[in-house]
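Chain and residue survey
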Amino acid sequence: MKFTNEQLERYSRHIILSDVGVSGQKKLLNGKVLIIGTGGLGAPAAMYLGAAGVGTIGLVDADSVDLSNLQRQIIHGTQDVGKPKVLSGKETINQMNPDVDVVTYHEYATSANILDIIRDRDYDFIIDGTDNFPVKFLINDACVMLKKPFSHAGIIRFQGQTMTFLPGEGPCYRCVFKNPPPPDAVPTCQQAGVLGVMGGVIGTIQAAEAIKYLLGVGDLLNGSLLTYDAAKMEFRKIKITRDPECAVCGDHPTITHLIDYELKACSFSPAGRHEESKEI
Amino acid sequence: MIITINGKQNSFEAEMSVQELLEKTEVDMQEYVTVQLNDEIISRKDFSSIPVRDGDRVEFLYYMGGGQYKKIA
């Protein structure tokens, strides 16, 4: 691959970094990252990866842009309300950087399609930007089974967390959290709210993990759960270890097929009011 | 005795079980929180039998999702 003059200028601040250089920028341009969920976390992750020149970015989301998304999902604009998020996301990325091949999957990730989506372009790294536990566990299990690295993250109120799974190098999400909590057991952003910047901070950390993985530099959050409390402005990196008895990545896995956990449609919250599904 | 909970030191009068610590500290979502004692995740079935001692480090790790459960089309 030869760089054009425009690319040399566009990526010059990367290229002068000793840990990136021309060869590292080539790795990014040859890199393939799949982002599942184009919401609060996926939006900033996709934008930074696009700007960085990650050559192939897959976006998975069945939702369309809603006005209430725009407080934090900065890849979408007012003119995009009603448009499929993957399409709006693709347009934003390509306006920033025409080098990027944005592949859109206008569907929810399920046990029936997730393996095919990951295999579609043989993605190098997966970012979990989803808003619900059944899909978070689905992504974890699929990545463990396909031996694909991925970044988990979650945000609520002024809190966020993220960890990175590298096959054979530390714990998976299920080592820490065994099963999805029952629906309604854990507050959601729609019930509890979320500070708009949380997705920006945590989603950008996910993008940094993907870029470091593609470059092969630095230490990743494998074996650590990073928590961020924006109210106290406190980051904590908690050491976590692989569970040899983990149901999916353990020495004798009992989960060998993907599971679609029941997705209760939250028609009734504890307060009894009607709620519609929303992206974080 | 001093127990470090999520990075902060807390003082307690007597040794107690993990379950008693959860109750005493009024941890959120006690039924769903993951408990790590000195870097090792504790099985929920052992909460009542495993003691927390002076100098121990405890991490309460919470589920953090985002949006909410929704129907898959």
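Just so it is clear, the structure is predicted and the values come from calculations on it, not from any experiment.

Focus on the overall build of chain A
From N to C terminus, chain A includes ten helices and eight strands. Taken against the 2.2 N^0.38 rule, which gives 19 Å for 280 residues, the C-alpha radius of gyration of chain A at 18 Å falls within 12% of a compact globule. If you line up chain A on its principal axes, its C-alpha atoms span 60 × 50 × 40 Å. Put simply, chain A has 280 residues, and 56% of those count as buried. For chain A, the proportion of contacts with a sequence separation of at least 24, taken over those separated by at least 6, is 68%. Total accessible area on chain A stands at roughly 11,700 Å², and carbon and sulfur atoms take up 52% of it.

Observations concerning the environment of A:Ser68
All names here are of chain A. With respect to the helices and strands, Ser68 occurs in the loop between strand S2 (56-60) and helix H5 (85-96). Among the residues examined, Ser68 registers a relative accessible area of 39% and is labelled partly exposed. Linking Ser68 and Asp124, residues 56 residues apart in sequence, is a C-alpha distance of 32 Å. A polar contact is formed between the side chain of Ser68 and the side chain of Asp66, at a distance of 2.7 Å.

Looking at a nonpolar patch on the surface
Residue and element names in this part refer to chain A. Taken together, the side chains of Phe158, Leu195 and Val197 make up a nonpolar region of the molecular surface, amounting to roughly 240 Å² of accessible area. Relative to the helices and strands, Leu195 resides in the loop between helix H9 (189-192) and helix H10 (196-215). Under the relative-accessibility criterion, Leu195 is labelled partly exposed at 32%.

Comments concerning H10(A)
Compared with the 28 Å implied by 1.5 Å per residue over 20 residues, the 29 Å span of H10(A) between its first and last C-alpha is a close match. Downstream of H10(A) by one or two residues, A:Gly216 has phi in the positive range, about 75°.

Here we look at the side chain of A:Glu209
Residue and element names in this part refer to chain A. For Glu209, the location among the structural elements is in helix H10. One polar contact links Glu209 to Lys212, side chain to side chain, over a distance of 2.9 Å. In this structure Glu209 touches Phe125, Thr164, Asp219, Leu220 and Leu221, once residues within four positions along its chain are discounted.

Comments concerning the pairing of strand S7 (residues 57-61) of chain B
All names here are of chain B. With respect to burial, S7 is a largely interior element, four of its five residues being buried. Here strand S1 (residues 2-5) pairs with S7 via two bridges, running parallel. Looking at S7, one finds that Thr4 is bridged to Arg57. Relative to S7, strand S4 (residues 34-37) is paired through four bridges, and the arrangement is antiparallel. By the bridge assignment, Leu37 is partnered in S7 with Val58.

What about the confidence of the model for chain A?
For chain A, per-residue confidence averages 92 on the pLDDT scale, and residues scoring 70 or more make up 94% of the total. Low pLDDT (under 50) marks residues 265-280 of chain A, which in the prediction has 55 contacts with non-local residues, meaning those over four places away or in another chain.

Brief notes about the nonpolar core
Residues and elements named next belong to chain A. Ranked by size, the top nonpolar core spans 39 residues in total, and within it Leu34, Ile36, Ile114, Ile126, Ile139, Cys172 and Tyr173 carry the most contacts. Put simply, the parts of the chain that give this core at least two residues each are strand S1 (32-36), strand S3 (101-105), helix H6 (114-120), helix H7 (133-146), strand S6 (159-165) and helix H8 (173-176). Examining the composition of this core, we find that eight residues originate from one element, H7, more than from any other. Within the second largest apolar cluster, 26 residues are counted, among which are Leu28, Ala43, Ile93 and Ala207.

Remarks on the sheet that holds strand S5 (residues 40-41) of chain B
All names here are of chain B. Read across the open sheet, the five strands follow the order S2-S1-S7-S4-S5; overall the sheet is mixed. This sheet does not close on itself; its edge strands, each paired only once, are strand S2 (8-11) and S5. Bridge count between S4 and S5: two bridges; the pairing is antiparallel. Within S5, the residue paired with Gln36 across the bridge is Ile41.

Parameters and conventions
Residues numbered from 1 in each chain as written. Chains lettered and ligands numbered in written order. Predicted model: local features only at pLDDT ≥ 70, side-chain atom pairs only at ≥ 80, totals over all residues. Heavy atoms only, no water. Helix = DSSP H or I, 4+ residues; strand = E, 2+ residues; numbered from the N terminus. Rg over C-alpha atoms; globule rule 2.2 N^0.38 Å. Buried < 20%, exposed > 50% of the residue type's maximum accessible area, 1.4 Å probe, protein only. Contact = heavy atoms within 4.5 Å. Areas by Shrake-Rupley, 256 points an atom, 1.4 Å probe, with all protein chains shown as cover. Polar contact = N/O pair within 3.5 Å; in protein donor to acceptor, adjacent residues only side chain to side chain. Patch = residues over 30% accessible without salt bridge, like charges linked within 9 Å, V, L, I, M, F, W, Y side chains within 5 Å. Salt bridge = Lys/Arg side-chain N within 4 Å of Asp/Glu carboxyl O. Expected span 1.5 Å × (residues − 1). Pairing = 2+ DSSP bridges. pLDDT = per-residue confidence, 0-100. Core = buried A, V, L, I, M, F, W, Y, C linked by side-chain atoms within 4.5 Å.

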